[in-house]
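As a plain string of letters, each chain reads:
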Amino acid sequence: MAIAISFLIFSKPVDSPILHGNRDVLEKEQILKSYADRRLARQMWFLGTLFLLVIGGNSLVYYVNATLDTKWSNVKPSALRDLNKNSFINYVKENKSIVNAAVTPQGILAIAVINDGRDKNLMAIYYCRLAKSKNIGVSGVKIVDASDANFTEEYASGTVLAKSFCN
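Conventions adopted
- Residues numbered from 1 in each chain as written.
- Predicted model: local features only at pLDDT ≥ 70, side-chain atom pairs only at ≥ 80, totals over all residues.
- Heavy atoms only, no water.
- Disulfide = S-S within 2.5 Å.
- Helix = DSSP H or I, 4+ residues; strand = E, 2+ residues; numbered from the N terminus.
- Phe/Tyr/Trp six-rings, centres within 6.5 Å; stacked < 30°, edge-to-face > 60°.
- Buried < 20%, exposed > 50% of the residue type's maximum accessible area, 1.4 Å probe, protein only.

**Quick word on the state of the cysteines**
- Summed over the entire model, instances satisfying the criterion amount to one disulfide.
- The disulfide partner of Cys128 is Cys166, and the gap between their sulfur atoms is 1.7 Å. Placement of the pair is Cys128 in helix H4 (residues 121–133) and Cys166 in the segment after strand E6 (160–165), with a sequence separation of 38 residues.

**Some points on unusual backbone geometry**
- Of note in this structure, Asn135 is not a glycine but carries a positive phi near 60°.
- Within the element layout of this structure, Asn135 appears in the loop between H4 and strand E3 (140–145).

**Side note on the packing of aromatic side chains**
- Counting across every chain of the model gives two aromatic pairs.
- Each ring, one from Tyr126 and one from Tyr127, has its centre 4.9 Å from the other, and the planes form 75°; the classification is edge-to-face.
- We classify Tyr127 as buried; its relative accessible area is 5%.

This is the structure in C-alpha cells:
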C-alpha cells in the first residue's frame, strides 16, 4: 500500500515554470533551482508523513494487541478459577473420555481412560501443563487403562498407557 501511495505521489505530473521574455541564463537557472527545491521539499514531506503514518499505525496495532493480551489473559473460565485439588479432579473428570482421576499422596495425577488404541502421551503432557498452570502440586501424570485400573487412597495402578513428568 505504501508503495502504491508513493507511486501516485511521485508519478503525478508537475508543470515546470514557464519562462517568458528575455531573461538571462543565471536568472533562469535560479528559477529552475527554486522550482526543483520546492518539488524535492514536497516529496520529502510526503515521504516523512508516510513514514510517520506507518510507524504510528504499527505502534497502535502493537499497543492494541498488548492491551488485549493483558486484558484477556486475566479472564478465565469459571470452572478454572481458583482450583484446589478436588475441584481440579472434578474438572478433569468432565472430559468424556476420562473414567476416573485422582491425585496420589506422592503427587501423581492418575487418569483412567478407555483404551481406544491411540497414543495418550499428548493427553498426559496436556494435563501436566494444565495442573502446573493452575498451581496444582503434581509431579507427574500417569494415564492408565480403565479396564484394569485400581484406584485406592494410596496409589493408582493399571496398565500404563502414557506418563509425563511435570517440571
